[in-house]
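# Structural overview for review
For reference, the chains in residue letters:
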Amino acid sequence: MGAVVKEDGILYAHAPSWALAHVLALRLHLDASGSENGPLRIIPGSHAAGVLTDDEVFYVSRSQEHVDCLLPRGGVLVMRPLLIHSSSKARSDAPRRVLHIEYADSLNLGENIRMAVA
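Residues numbered from 1 in each chain as written. Predicted model: local features only at pLDDT ≥ 70, side-chain atom pairs only at ≥ 80, totals over all residues. Heavy atoms only, no water.

With that settled, the discussion passes to the nonpolar core. Formed by Ala25, Leu40, Ile42, Cys69, Leu71, Leu77, Met79 and Leu83, the largest nonpolar core amounts to eight residues. Those elements giving two or more residues to this core turn out to be strand S4 (40–42) and strand S6 (76–79). Among all residues touching leucine 40, those that are not within four sequence positions of it are Arg27, Ser33, Val67, Asp68, Cys69, Leu77, Met79, His85, Ser86 and Ser87. (Core = buried A, V, L, I, M, F, W, Y, C linked by side-chain atoms within 4.5 Å. Buried < 20%, exposed > 50% of the residue type's maximum accessible area, 1.4 Å probe, protein only. Helix = DSSP H or I, 4+ residues; strand = E, 2+ residues; numbered from the N terminus. Contact = heavy atoms within 4.5 Å.)

So this is what it looks like as structure tokens:
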């Protein structure tokens, strides 16, 4: 089962890694993602470690190489939600609009567990 976390006085749940394994995120780039406008930075393969604590994420991000995801306008990046990622700092005023869509292969994730869709 996922962890319940309190942040800024609000309770929310972290989904367990086995449930997130059913999800793919598609990032459709409405603008080109170049090295100057703050591209998404990922740590390849980090999704395989499952749900990590903040300290574990910081350790992995300091000890493993990252990759900047440079895409043309209209490019699509497909990633797993557990992939360690962040936007790097923009060094230009160029826009970096992205449409982020998440897909799950099923709404039923297990016995008596159904994904909520709003």
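Turning our eyes to something else, we now look at a nonpolar patch on the surface. Together, Leu24, Val76, Val78 and Tyr103 line one region of the surface with nonpolar side chains, adding up to about 350 Å² of accessible area. Here valine 78 lies in strand S6. Take valine 78: its relative accessible area is 48%, and that puts it in the partly exposed class. (Patch = residues over 30% accessible without salt bridge, like charges linked within 9 Å, V, L, I, M, F, W, Y side chains within 5 Å. Areas by Shrake-Rupley, 256 points an atom, 1.4 Å probe, with all protein chains shown as cover. Salt bridge = Lys/Arg side-chain N within 4 Å of Asp/Glu carboxyl O.)

Another aspect to go through is the sheet that holds strand S3 (residues 23–29). Read across the open sheet, the three strands follow the order S6-S3-S8; overall the sheet is antiparallel. Each having just a single partner strand, S6 and strand S8 (98–104) make up the two edges of the open sheet. The average undirected angle you get between the axes of adjacent strands in this sheet is 20°. Strand direction decides the pairing type here: S3 and S8, joined by seven bridges, are antiparallel. Counterpart to alanine 25 in the pairing with S8 is glutamate 102. (Pairing = 2+ DSSP bridges. Axes fitted to C-alpha atoms, helices over the stretch in contact; angles between N-to-C directions.)

This next bit is on the confidence of the model for the chain. A residue-level look at the chain finds 91% of positions with pLDDT of 70 or above and a mean pLDDT of 85. By mean pLDDT, strand S1 (residues 4–7) is the weakest element of the chain at 61, and S6 is the strongest at 95. (pLDDT = per-residue confidence, 0-100.)

Relative to the elements of secondary structure, alanine 49 occurs in the loop between S4 and helix H2 (54–63). Alanine 49 gets classed as exposed once you look at its relative accessible area, which sits at 51%. Along the primary structure alanine 49 and isoleucine 101 are separated by 52 residues, whereas in three dimensions their C-alpha atoms are 23 Å apart.

Attention now moves to the pairing of S6. Here S6 shows a clear split, with Leu77 and Met79 buried on one side and none of Val76 and Val78 buried on the other. Looking at chain direction, S3 and S6 are connected through four bridges and run antiparallel. Counted as the bridge partner of arginine 27 is leucine 77 from S6.

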